[in-house]
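Residue strings, one per chain:
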Amino acid sequence: MTAHIAQTASTDGEPAAAPRVDSEVGPLRTVLLHRPGAELKRLTPRNNDQLLFDGVPWVDRAQEEHDAFAELLRGRGVEVLLLADLLVDALHDDRARIAGIHSAVNERRLGIDLADALRSHLASISPDQLATALMTGMTFEELPAAEGASLVRKMHHPIDFAVDPLPNLLFTRDSSVWVGDRVAITSLALPARDRETALTDLIYAYHPRFRKTGRAYGAHSAPVEGGDVLLLAPGVLAIGVGERTTPAGAESFARSALADGLAHTVLAVPITQERATMHLDTVCTMVDRDAVVMYPAVRDNLFAYPVRSDGAGGVAVDDRRPFLEAAADAMGIDRLRVIDTGLDPVTAEREQWDDGNNTLAVGPGLVVAYERNVETNARLEDAGVEVIRISGSELGSGRGGPRCMSCPIDRAPLV
């Protein structure tokens, strides 16, 4: 863990401009990552499905791959913030400690006596230890000793989780999204990810770096996940609606963005409710100002419902249109260039599954991608997009690529 991370300052000693994200491809300045930790060591063949992983990763190798990813970004001049460090810093604030402990202790599950004992234990440990417990979880055999008998303890196996681990913290894109100069704390759909939002929320609420950051949307609204939110251009958002983001969530997010002046058009984009296409960014991401990499199987049947302000505090929803047409229109360009995943249907399906579409733009026409997606990367380069390849053999076991693993906090404006 690092020491307290101070507010970014400019070269003359004055506070730097507030972070801002207006596009998917503006030069990346600051990004939030989470280095995989002991929470991944909680995964077993018995629980990996429940915890949303398709396999049991080799954690040491996953850490090596993630370290290389982070170092690559630093080498390109990107400030890399690590979620665990920010969490420790935030937990020095007593209010953050209370919020973190409240999120972890489920009285309905543990019973009053055991819940009280666990709260007391968590309140007594250091910020570093508390952060570890909140991320890694606790089994019943790891709970503090308590006086008296406990039926709850007796009826659980020692290795059952009293506090669930959070292996999906790796995918920082999902629990918060920056739009303009505001951050939206999202509402994650599946029980395995409930507490991720709580930890992200307390970081933005109590870490000194984000004290003046405004909020958009709200974590208690209907489900929206950050992997479904694409900032196509300044003022233009696309929100996938499928397995993780509901129509109500997309509408709530759109209303907030439109009311706050963060967008003039929001495109609600229905996607198939399947594991392989859990988020919009698993089938489509921006790779340049006017270009996307897209899974060809959805290219001709991806539609969008444009949502705009009605001028009276509400929203107007247009009839559905082809996504590529609606996006280009909202962005004010003639057309959106499309680079297909793979050269044939089988390759395209394989590379889509391996996150070939899930690229992170470091700048216009410059993306980070998994090296294993050979055909997609070649097609990107043929289209003039520079590809920085990283290894992801273990990182990819949770079905997420470079975009999923990164939450941009600050991007330079497109000029």
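Residues numbered from 1 in each chain as written. Predicted model: local features only at pLDDT ≥ 70, side-chain atom pairs only at ≥ 80, totals over all residues. Heavy atoms only, no water.

### Some words on the packing of aromatic side chains
Then comes step 1: In this structure the tally under the stated criterion is three aromatic pairs.
Then comes step 2: Aromatic side chains W178 and F210 sit 6.3 Å apart centroid to centroid with 55° between the ring planes, which places their arrangement in the tilted category. With a gap of 32 residues between them, W178 in strand 5 (residues 176–179) and F210 in the loop between helix 8 (194–206) and strand 7 (214–216) connect regions that are remote in the sequence. When sorted by exposure, W178 lands in the same class as F210, which is buried.
Then comes step 3: A centroid spacing of 4.9 Å and a plane angle of 65° characterise the contact between Y204 and F210, whose relative ring orientation is edge-to-face. (Phe/Tyr/Trp six-rings, centres within 6.5 Å; stacked < 30°, edge-to-face > 60°. Helix = DSSP H or I, 4+ residues; strand = E, 2+ residues; numbered from the N terminus. Buried < 20%, exposed > 50% of the residue type's maximum accessible area, 1.4 Å probe, protein only.)

### Some words on helix 6 (residues 127–136)
Then comes step 1: A large share of helix 6 lies buried, amounting to seven of its 10 residues.
Then comes step 2: Those residues of helix 6 that are buried lie in contact with helix 2 (83–90), helix 3 (94–104), helix 5 (112–124), strand 3 (138–139), strand 4 (161–163) and helix 8.
Then comes step 3: Just past helix 6, the residue G137 takes up positive phi, approximately 80°. (Contact = heavy atoms within 4.5 Å.)

### Things to note about the UniProt feature "active site" (unreviewed entry) in the protein
Then comes step 1: As recorded in UniProt, the sites labelled "active site" (unreviewed entry) are C404.
Then comes step 2: Among the secondary structure elements, C404 is positioned in the loop between strand 19 (386–390) and strand 20 (407–411).
Then comes step 3: Accessibility expressed as a relative area gives 3% for C404, which makes it buried.
Then comes step 4: Dropping the residues within four chain positions of it, C404 is found in contact with L170, F171, T172, R173, D281 and N358. (UniProt positions renumbered as here; feature names shortened; annotations may be inferred.)

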